[in-house]
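Notes for the structure review
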Protein chains: 2
Amino acid sequence: MAGRGKSAGRPQRVTLHDLADHAGVSRATVSLVLRKSPLVAAKTREAVLESVRALGYVYNRGAANLRTQRSHTIGVSINEITNPYFTELTAAIQRAFLKHGRVVFIANSEEDPARQDDFIATMREYNADGLAICPSRGTSRETLRRLKKQGVACVLVSRDIGGSGLDYAGHANEAGMCEATEHLIGLGHRRIAMLGGNDLVSTGRERRGGYRKALGLHGIAIDEALVVEGEATRSFGAATVRRLLALKDPPTAAVCFNDVIAFGVMLGLRQVGREPGRDFAVIGYDDLAEAELWVPGLSTVRNDTRMLGETAAQLLLDRIENPDAPVRRVVLQPKFVIRESSGGQR
Amino acid sequence: MAGRGKSAGRPQRVTLHDLADHAGVSRATVSLVLRKSPLVAAKTREAVLESVRALGYVYNRGAANLRTQRSHTIGVSINEITNPYFTELTAAIQRAFLKHGRVVFIANSEEDPARQDDFIATMREYNADGLAICPSRGTSRETLRRLKKQGVACVLVSRDIGGSGLDYAGHANEAGMCEATEHLIGLGHRRIAMLGGNDLVSTGRERRGGYRKALGLHGIAIDEALVVEGEATRSFGAATVRRLLALKDPPTAAVCFNDVIAFGVMLGLRQVGREPGRDFAVIGYDDLAEAELWVPGLSTVRNDTRMLGETAAQLLLDRIENPDAPVRRVVLQPKFVIRESSGGQR
DNA sequence: CTTATAATTTAGATCGTTCTAAATTTTGGT
DNA sequence: ACCAAAATTTAGAACGATCTAAATTATAAG
């Protein structure tokens, strides 16, 4: 009596049709009940809901999406989820969309544009309403312009790709790094290294630009030997600071592309018997939860990750709502946090 | 000429129908081409693929799933993605499924069984082929049994829920923690604290059990004041070790539920002027990338995360293939790694 | 040139929902 | 009791793919 299909084999999925039969109404009415339409009479609604319970019905969202041409699904592509900054950002983005009743699909592109492209293609095949992208290194402007041209709602988060023509939510990286660097200059440092980041990614360009700008403002010549590109890992920070300390005119301080590198620098200093904050000044970027706990506490530039997630979500939802609105760019101001790792007056 | 529908409004999606018209064949043939069927003649295939390019066709996976009753989609529910162990595990699981051509849906339940249930419900609504679950704290056995009874393919990863009747892939936590604790005992420690974990989660029960077992094996009485439940955070580790050191008979060593807590312990020791590895022995659990870099290097129990991800994926894929096979449990052996934080002979 | 066989192609039903437009029932005023 | 208006319910056609079973075309053997 239950399950229409063949009596042999797998249990058939319970459908609207089954519910309709069971409750003695039409498919259309059942559909209205499930969508909480006010059109249907209270008594009918009760009967249908009772059938739902009785048959153990599971709504088929895929079928509904096919019909409505809307999926309420958002794809989120993250360049490197094992980086704690992006882990926090991902959680923030997810929370923000969840609050707006969207289902979120997360993928980790691991800095590989091909994987990112695959994911974007898959999400389009699933008819996602929109995409939030932290573009992996090397993402081409053309890829993104094509998305825009094809009418895919899209927002770039954290990292910008110039000329993509997409909405963007990010932080004011140049200003943040400039302030951090000027702080060190104010403490008397002249040989300041800049560790991590690169010019292939906007955040790298901007933070490295902020560093250069600060030195320029105070008439300090830039020694390219102290500007080191690198991965956002602790081991890069540790190895690099050890190498720089071995130079004949070593730096006395370092600003880092992010906190993870700064933690590495502090570990590296200890490995060679130097104490961060006393023998060498260190500044990070992001203000991860861990920064405050270190001994010495890490001076760093705080990005409001949760706010960025919410901003990105709002931009994307607006874009979905109104595909032809003018492009928007929101840049959040960071906050420089002074702790002990940058040392006192020297 | 392009796009069948109304000439006004949004661009219509290109469908198999459009491709068929454009290429002068039937819908069925186009479908065969897209699915790389060998049945179709080379010349026809070329023509269709040319139409795909010409019209900018995007495959509609939702429609296909509706028809085939298979989604090639896997839902992965993670209890806390900001914990780096789970971040790594998530990445490993994703990679493993990707290798098998599955699309992976990731959600962060943040230790909230309600969010986990929501996600599971959503995945069922999307007709996911299977679920990989790192159950959040407080997940009930009944929830999981119901899933099994309803024929949902499911594998538990890392954390076990007794009596769920589901496949499980995890690590031998008791053995790992027992070995670590015995190492400290061998070095002469008698007052050994156990920090973090709790009995609400299998990994906590097992690791704490391993600690108790080791003490028992060597006739050391357990001082419950030294066994502290807690969150897997650095701040818990730091605060707790400071508190324990203030006891009148303080511990001389600590084994930690995981590396993150152990890092916190090392930071906490420094905050009160003690040097980990020299003044106090510390052992972690997980062997995160960071463990090796610390000064002193963190002694810890290594879990092979990538292997766990692959194992879980294989169990789930087998289960999907063969729903009625007997339940399997795979437990991977960890490896104890000795570095400097556990100190030498005292 | 048949004819049997193999290789291709296809019409039409189907998956489980929602939508449109119309049919039916209920309600309330006279 | 009647009728208009409001409230509720519904049949049947979508959505965009795949499947089944059969039709068509090409190839080879006699």
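Heads up: these notes are all about the structure in this document. No experiment lies behind these values; they were computed from the predicted model shown. (Residues numbered from 1 in each chain as written. Chains lettered and ligands numbered in written order. Predicted model: local features only at pLDDT ≥ 70, side-chain atom pairs only at ≥ 80, totals over all residues. Heavy atoms only, no water.)

A tally of helices and strands in chain A yields 13 helices and twelve strands. Relative to the compact-globule value of 20 Å for 346 residues, chain A shows a C-alpha radius of gyration of 26 Å, a clear excess of over 25%. On the principal axes, the C-alpha backbone points of chain A span a range of 85 × 40 × 35 Å. Within the span of chain A, comprising 346 residues, buried residues form 54% of the whole. Contacts spanning at least 24 positions in sequence make up 70% of the contacts within chain A whose residues lie at least 6 apart. (Helix = DSSP H or I, 4+ residues; strand = E, 2+ residues; numbered from the N terminus. Rg over C-alpha atoms; globule rule 2.2 N^0.38 Å. Buried < 20%, exposed > 50% of the residue type's maximum accessible area, 1.4 Å probe, protein only. Contact = heavy atoms within 4.5 Å.)

We now examine the sheet that holds strand β11 (residues 329-332) of chain B. Within a beta sheet, neighbouring strands are joined by backbone hydrogen bonds and run either parallel or antiparallel to one another. All names here are of chain B. What the six strands build is an open sheet, ordered β2-β1-β3-β4-β5-β11; its pairing is parallel. Only two strands of the sheet have a single neighbouring strand rather than two, namely β2 (103-108) and β11. Put simply, the sheet's adjacent strands are angled 15° from each other on average, direction ignored. Bridge analysis of strand β1 (residues 73-78) against strand β3 (residues 130-133) gives four bridges, and the strand direction is parallel. For I74, the partnering residue across the bridge sits in β3 and is G130. (Pairing = 2+ DSSP bridges. Axes fitted to C-alpha atoms, helices over the stretch in contact; angles between N-to-C directions.)

What follows deals with the interface of chain B and chain A. Across the contact, 43 residues belong to chain B and 43 residues belong to chain A. For the pair chain B and chain A, the summed buried area comes to about 4000 Å², and 59% of that belongs to carbon and sulfur atoms. For the chain B face of the interface with chain A, the top three residues by lost area are B:E125, B:Y126 and B:L293, together amounting to 16%. Summed over the shared surface of chain B and chain A, the number is six salt bridges. With a closest N to O distance of 3.1 Å, B:R234 and A:E290 form a salt bridge. Here chain B is connected to chain A by 16 residue pairs in polar contact (both at pLDDT 80 or more). For the side of chain B that touches chain A, the secondary structure elements donating two or more residues are α4 (61-68), α5 (84-99), β2, α6 (113-125), α10 (234-245), α11 (259-271) and α12 (289-293) of chain B. No other element matches the six residues that β2(B) contributes to the side of chain B that touches chain A. A breakdown of the residues in the side of chain B that touches chain A according to their chemical character gives 19 nonpolar, 13 polar and eleven charged. (Buried area = accessible area lost by both parts, 1.4 Å probe. Salt bridge = Lys/Arg side-chain N within 4 Å of Asp/Glu carboxyl O. Polar contact = N/O pair within 3.5 Å; in protein donor to acceptor, adjacent residues only side chain to side chain. Nonpolar A, V, L, I, M, F, W, Y, C, P; charged D, E, K, R; others polar.)

Once that is clear, we can look at the sheet that holds strand β11 (residues 329-332) of chain A. Residues and elements named next belong to chain A. Judged by pairing direction, the sheet is parallel, and its six strands sit side by side in the order β2-β1-β3-β4-β5-β11 without closing on themselves. Since the sheet does not close on itself, it has two edges, and those belong to β2 (103-108) and β11, each with one partner. Pairs of neighbouring strands in the sheet enclose a mean axial angle of 15°, with direction left out of account. In this sheet, β2 lies alongside strand β1 (residues 73-78) in parallel orientation, the contact comprising six bridges. Bridge pairing in β2 places S77 opposite A107.

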